[in-house]
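Spelled out, the chains give:
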Amino acid sequence: MSLLKKENWIVDLLLMIITQGYFHLILAYYLKVYQKNAWYMKWQYWAGAALACVFPLALMSVVFVVQISCSVCDKLNVPGREIYMNPYAWILCLIVPIIGWSILIVMLIHIIFYPIVMIYRGEAEKYI
């Protein structure tokens, strides 16, 4: 059973709900999104953040998950690439209170659930 097949979109949706969005890390593996020389592949950064305290490690983990989720969305041709692939949009949403935070929540929901829609439409079958 391949998780990228169009027929298995309901399994993907259930896994996305059960794992609370961390299913993107598995999708990223199947879509070959991980880059060998990226910052998240260097153990020194993770060890330094762990030695510094829990907060930097948690922050790095959140950035990692959002970056991988955006890369999965980009690979599956999710609409809105110009917005969610731009780091300035994420920073601006974090800085601006109320409205920015609301848009940030909408963007997170968009990059978490819209890849399932694209799997349903058959976008992921070319990566099997």
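Details of the structure are given in the entry above.
Position labels on residues start from 1 in each chain and follow its written sequence. A pLDDT threshold of at least 70 governs which residues receive local features in this predicted model, and a stricter bar of 80 or more applies before side-chain atom pairs are shown or counted, although totals over entire chains, interfaces and linings include all residues. Hydrogen atoms and water are omitted, and side-chain values are computed over all heavy atoms in the structure.

Enquirer: Even after reading the chapter, I still don't get the overall build of the protein chain, so can you show me in this structure?
Expert: In this text, helices come from DSSP runs of H or I with a minimum length of four residues, and strands from runs of E with a minimum of two, each type numbered from the N-terminal end. Per the secondary structure count, the protein chain includes 7 helices and 0 strands. Starting at the N terminus and walking to the C terminus, you meet the elements of the protein chain as α-α-α-α-α-α-α. A compact globule built from 128 residues would reach a C-alpha radius of gyration of about 14 Å, and the protein chain, at 15 Å, matches this within 12%. When accessible area is computed with a 1.4 Å probe and restricted to protein chains, residues below 20% of their type maximum are described as buried, those above 50% as exposed, and intermediate ones as partly exposed. By residue count, 30% of the 128 residues in the protein chain fall in the buried class. Contact criterion: two residues are considered in contact whenever any of their non-hydrogen atoms come within 4.5 Å of each other. Taking as baseline every contact in the protein chain between residues at least 6 positions apart, the subset at least 24 positions apart corresponds to 60%. Taken as a whole, the protein chain presents about 8,300 Å² of accessible surface, with 71% of it coming from carbon and sulfur. The averaged location of the 6 negative side-chain charges in the protein chain is 8 Å from the averaged location of its 9 positive side-chain charges. Here the globule rule reads 2.2 Å times residues to the power 0.38, and the radius of gyration is calculated from C-alpha atoms. A 1.4 Å probe and the Shrake-Rupley method give the accessible areas. Residues count as covered only by the protein chains that appear here. In this tally, Lys and Arg are treated as positive and Asp and Glu as negative; His is ignored, and so are the chain termini. A charged residue contributes its charge at one atom only: NZ of Lys, CZ of Arg, CG of Asp or CD of Glu.

Enquirer: Looking at this structure, how should I read the environment of Gly100?
Expert: For Gly100, the position within the fold is in helix H7 (residues 99-120). In this structure the C-alpha to C-alpha distance between Gly100 and Asn8, which are 92 residues apart in sequence, comes to 35 Å.

Enquirer: Can you walk me through the nonpolar core in this structure?
Expert: As a rule of thumb, nonpolar side chains are buried together in soluble globular proteins. Counting 28 residues, the largest nonpolar core has Leu27, Val72, Leu76, Tyr84 and Trp90 as its most contacted members. Elements represented by at least two residues in this core include exactly helix H2 (24-31), helix H4 (54-75), helix H6 (87-95) and H7. Ignoring any residue separated from it by four or fewer positions in sequence, one finds Tyr84 in contact with Cys70, Cys73, Asp74, Val78, Pro79, Trp90, Met107, His110 and Ile111. Here, nonpolar core refers to any group of buried Ala, Val, Leu, Ile, Met, Phe, Trp, Tyr and Cys residues whose side-chain atoms link them within 4.5 Å.

Enquirer: What is the right way to look at H4 in this model?
Expert: In an α-helix, one full turn covers 3.6 residues, which means residues spaced three or four apart are oriented alike. For H4, built from 22 residues, the straight-helix expectation of 32 Å at 1.5 Å per residue is met to within 8% by its first-to-last C-alpha distance of 32 Å. Turning to H4, its buried residues are Met60, Phe64, Val65, Ile68, Ser69, Cys70, Ser71, Val72 and Cys73. In the stretch just after H4, Asn77 is the one whose phi turns positive, near 60°. Helix span is expected to be 1.5 Å times the residue number reduced by one.

Enquirer: Even after reading the chapter, I still don't get the packing of aromatic side chains, so can you show me in this structure?
Expert: Aromatic ring pairs are described here by two measures, namely the spacing of the ring centres and the angle between the planes. Stacked, edge-to-face and tilted are the three classes for Phe, Tyr and Trp ring pairs, Trp counted by its six-membered ring, which pair at centre distances within 6.5 Å; planes under 30 degrees apart are stacked, over 60 edge-to-face, the rest tilted. Scanning the model with the defined rule gives 8 aromatic pairs in all. Geometrically, the ring pair formed by Tyr34 and Tyr40 is edge-to-face, given 6.1 Å between the ring centres and 70° between the ring planes. Here the aromatic cluster, defined as three or more aromatic residues joined through ring pairs, consists of Tyr34, Trp39, Tyr40, Trp46 and Phe64.

Enquirer: I tried to follow H2 on my own but got confused; where do I start?
Expert: Where H2 is concerned, the buried positions are His24, Leu27, Ala28 and Leu31. Down the axis of H2, the smallest arc covering the buried residues is 105°, so these residues share one side. Next to the buried residues of H2 lie helix H1 (9-18), H4 and H7. Lys32 sits one or two positions beyond H2 and adopts a positive phi of about 60°. Working definition: the arc comes from the directions between the helix axis and the C-beta atoms, pointing outward to the latter.

Enquirer: I tried to follow unusual backbone geometry on my own but got confused; where do I start?
Expert: Across residues other than glycine, the phi torsion is negative in most instances, and most of the peptide bonds are trans. With phi around 60°, Lys32 is a residue other than glycine that occupies positive phi space. Looking at where Lys32 falls in the secondary structure, it is placed in the loop between H2 and helix H3 (43-52). Overall, the relative accessible area of 67% leaves Lys32 in the exposed class. Residue Ile98 is not a glycine yet carries a positive backbone phi of 55°. Locating Ile98 in the fold gives a position in the loop between H6 and H7. Judged by its relative accessible area of 61%, Ile98 falls in the exposed class.

Any functional reading would require information that these geometric values do not contain.
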